[in-house]
Amino acid sequence: MIVSQVAFAYDGADFEEVINTTAKCIYETTPDSTVASIGGEWAVLGLARSGAQVPDSYFEKYYENAVSFAKSRGGVLHDKKYTEYSRVILALTAIGKNPENVGGYNLLIPLGDYEKNRVKKAISVALEFLSKAQNENGGFSSWGGENSESDSQVITALCALGIPMTDARFVKNGHTAFDNLMTFYDKDTGFRHTYDESVANRMSAEQ
């Protein structure tokens, strides 16, 4: 029942409305973004790229927090997870900041020692896996269940690679990942994490 209600809500909403509703949810639930997987870069990245009306002070505050964090860690965002660097770099570039000088630290350097000759093959293998893992309704699952974030992450990857949602590898029974993502949307509150949640989820909205 929840799925059909959400789908119906999407049928009556244009994409600008979806963007503005989600941006409003992010802005209200994450007033002070910092370096974090939730309440951090995904919020900044989403708001910056959405085209929604967000005060410049919001992004400046995030930048100040990122600089303070980098300085407090001596430029080492994480000693094991290099994805921390990737996430922060994406957010910084989205708001027009230079990741090569964040409080005097170049955040690109830790990512510069990866072996790049095998990247194309790795991407090919990953795409094949994702295509096979896609559910019959066009969506994706993780940790044992369908959720909007799984759809969002795959959509982000496909967009980054220039692969359209309608690529035959990622259409199941006529449904794309984007089609399935929109079944989690509610026109009043934004995006749910799972079908059985009654209200929007902060992480879902950000991603």
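Conventions and cut-offs
Residues numbered from 1 in each chain as written. Predicted model: local features only at pLDDT ≥ 70, side-chain atom pairs only at ≥ 80, totals over all residues. Heavy atoms only, no water. Phe/Tyr/Trp six-rings, centres within 6.5 Å; stacked < 30°, edge-to-face > 60°. Buried < 20%, exposed > 50% of the residue type's maximum accessible area, 1.4 Å probe, protein only. Helix = DSSP H or I, 4+ residues; strand = E, 2+ residues; numbered from the N terminus. Lys NZ or Arg CZ within 6 Å of the ring centre and 35° of its normal.

### So, the packing of aromatic side chains
Counted by the stated rule, this structure contains 6 aromatic pairs. Where Y82 meets Y85, the ring centres are 5.8 Å apart and the plane angle is 70 degrees; that geometry is what we call edge-to-face. Residue classification places Y82 among the partly exposed positions, given a relative accessible area of 26%. On the accessibility criterion, Y85 (3% relative accessible area) is buried. Where F184 meets Y195, the ring centres are 4.4 Å apart and the plane angle is 5 degrees; that geometry is what we call stacked. Placement of F184 in the loop between α8 (177-181) and β3 (185-186) and of Y195 in the loop between β4 (190-191) and α9 (202-206) is noted, with a sequence separation of 11 residues between them. By relative accessible area, F184 is classed as buried at 0%. Three or more aromatic residues joined by ring pairs make a cluster, and in this case those are Y27, Y58 and F59. Above the face of the Y63 ring, K97 is positioned so that its terminal group lies 4.7 Å from the ring centre.

### Considerations on the side chain of R192
Note on placement: R192 falls in the loop between β4 and α9. Looking at R192, the relative accessible area reads 8%, which means it is buried.

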